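Residue-level structural notes
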Amino acid sequence: MLPMVPGMAAWGLVTGVAMVKSGLDPWLALLMSLTVFAGSSQLASLPLIAAGAPIWVVLLTACIVNLRFIIYSAQWRWYFGHLPRGQRVALSYLAADINYALFIKAWPEPEPRPGQVEYFVSGAVVVWIGWQIPSIVGIVLADVIPPAWGLGFAGTLALIGLTCSLLVDRATWICAAVAALAAVAAYALPYKLHIVVAVAAAVAAGLLMERPGGGGGRLAAVLRRPAP
């Protein structure tokens, strides 16, 4: 996780600044950072909060932007489905894009094995600290840090580098290309719905490749297995 922390920290710092700059009270910004723990949905919600949108619109937008976590948890259940419900709920709070990607890379076979919970928690704690501390710093120093620094792009670069390391075969390359094209094509959609469209398109591509002559794909094989 450590190589990803600088880019993630820059992104967290920008999110902290954005929350205060949008007019959110610093204490509410702190509460949002600790409870939501999802940069994309936080940034998508801020313009709505600043505009005085109804709370149901804010909540719906945050949920839509984070729909990709349904796909993540659909795969994580093969590793953690045997755990007590309370423990799974606790783990879900720590779920994030980066620790999902590295977990799948470290445990490619979708089956429970010793050490997986420890691996997940230790990596997730690094992500949590690497996000929350810079976010809090951004909240406290919002009037000092200029937006012109463009620190948010560092987080994007970190995610791009991580994504490229996961492109290991024909299926993953095709899914990545489909997701990229779908995101660009749907970029004009409101509430950052292009993220959801990209995830759905990539999943559909993976499922199609699992059909006879499709070339194969790990995602479809995982999603088709019976639940544990």
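Let us look at the structure shown here. (Residues numbered from 1 in each chain as written. Predicted model: local features only at pLDDT ≥ 70, side-chain atom pairs only at ≥ 80, totals over all residues. Heavy atoms only, no water.)

With that out of the way, let us pick up the packing of aromatic side chains. Here the structure, examined in full by the defined rule, presents 13 aromatic pairs. When the ring of Trp-76 is compared with that of Phe-120, the centres are 5.1 Å apart and the planes differ by 85°; the resulting orientation is edge-to-face. Of this pair, Trp-76 sits in helix α5 (residues 68-80) while Phe-120 is found in helix α8 (residues 116-140), placing the two residues 44 residues apart along the sequence. Relative accessible area serves as the criterion here: at 3%, Phe-120 is assigned to the buried category. With a centroid separation of 5.6 Å and an interplanar angle of 55°, the aromatic rings of Phe-80 and Phe-103 are classed as tilted. Separated by 23 residues along the polypeptide, Phe-80 in helix α5 and Phe-103 in helix α7 (residues 97-106) bring together distant segments of the chain. Among the aromatic residues, ring-to-ring pairing joins Phe-69, Tyr-72, Trp-76, Tyr-79, Phe-80, Tyr-100, Phe-103, Trp-107, Tyr-119 and Phe-120 into one connected group. (Phe/Tyr/Trp six-rings, centres within 6.5 Å; stacked < 30°, edge-to-face > 60°. Helix = DSSP H or I, 4+ residues; strand = E, 2+ residues; numbered from the N terminus. Buried < 20%, exposed > 50% of the residue type's maximum accessible area, 1.4 Å probe, protein only.)

Moving on to unusual backbone geometry. For Phe-37, which is not glycine, the phi dihedral falls at a positive 50°. Residue placement: Phe-37 occurs in the loop between α2 (26-36) and α3 (39-50). On the basis of relative accessibility, which here comes to 9%, the residue Phe-37 falls in the buried class.

So, about the side chain of Ser-33. You can see Ser-33 is positioned in helix α2. Of note is the side chain of Ser-33, whose polar atom sits 2.7 Å from the side chain of Gln-132. Within the local environment of Ser-33, its side chain forms a polar contact with the side chain of Ser-135, the two groups lying 3.0 Å apart. For Ser-33, the contacting residues outside a window of four places in its chain are Met-19, Gln-42, Trp-131, Gln-132 and Ser-135. (Polar contact = N/O pair within 3.5 Å; in protein donor to acceptor, adjacent residues only side chain to side chain. Contact = heavy atoms within 4.5 Å.)

Now for α2. When α2 is considered as a whole, its buried residues turn out to be Ala-29, Met-32 and Ser-33. Within α2, the buried residues cover an arc of 95° as seen down the axis, which keeps them to one side. The elements touched by buried residues of α2 are α1 (5-21), α3 and α8. For α2, the side-chain oxygen to backbone nitrogen distance between the N-cap and Trp-27 is 2.9 Å, and the N-cap itself is Asp-25. In the stretch just after α2, Phe-37 is the one whose phi turns positive, near 50°. (Arc of directions from axis to C-beta.)

The subject of this paragraph is the nonpolar core. Grouped together as the largest cluster of nonpolar side chains are 15 residues, with contacts concentrated most on Trp-76, Tyr-79, Phe-80, Phe-103 and Phe-120. Broken down by secondary-structure element, the contributors of at least two residues to this core are α5, α6 (85-94), α7 and α8. The element that contributes the greatest number of residues to this core is α5, accounting for five residues. (Core = buried A, V, L, I, M, F, W, Y, C linked by side-chain atoms within 4.5 Å.)

A few words now on a nonpolar patch on the surface. A cluster of nonpolar side chains, namely Leu-34, Tyr-93, Val-125, Ile-129, Ile-133, Ile-136, Val-137, Val-140, Leu-141 and Val-144, defines an oily patch on the protein surface of about 810 Å² accessible area. Per-element accounting of the nonpolar patch gives the leading share, six residues, to α8. Along the chain, Ile-136 turns up in helix α8. For Ile-136, a relative accessible area of 31% gives the class partly exposed. (Patch = residues over 30% accessible without salt bridge, like charges linked within 9 Å, V, L, I, M, F, W, Y side chains within 5 Å. Areas by Shrake-Rupley, 256 points an atom, 1.4 Å probe, with all protein chains shown as cover. Salt bridge = Lys/Arg side-chain N within 4 Å of Asp/Glu carboxyl O.)

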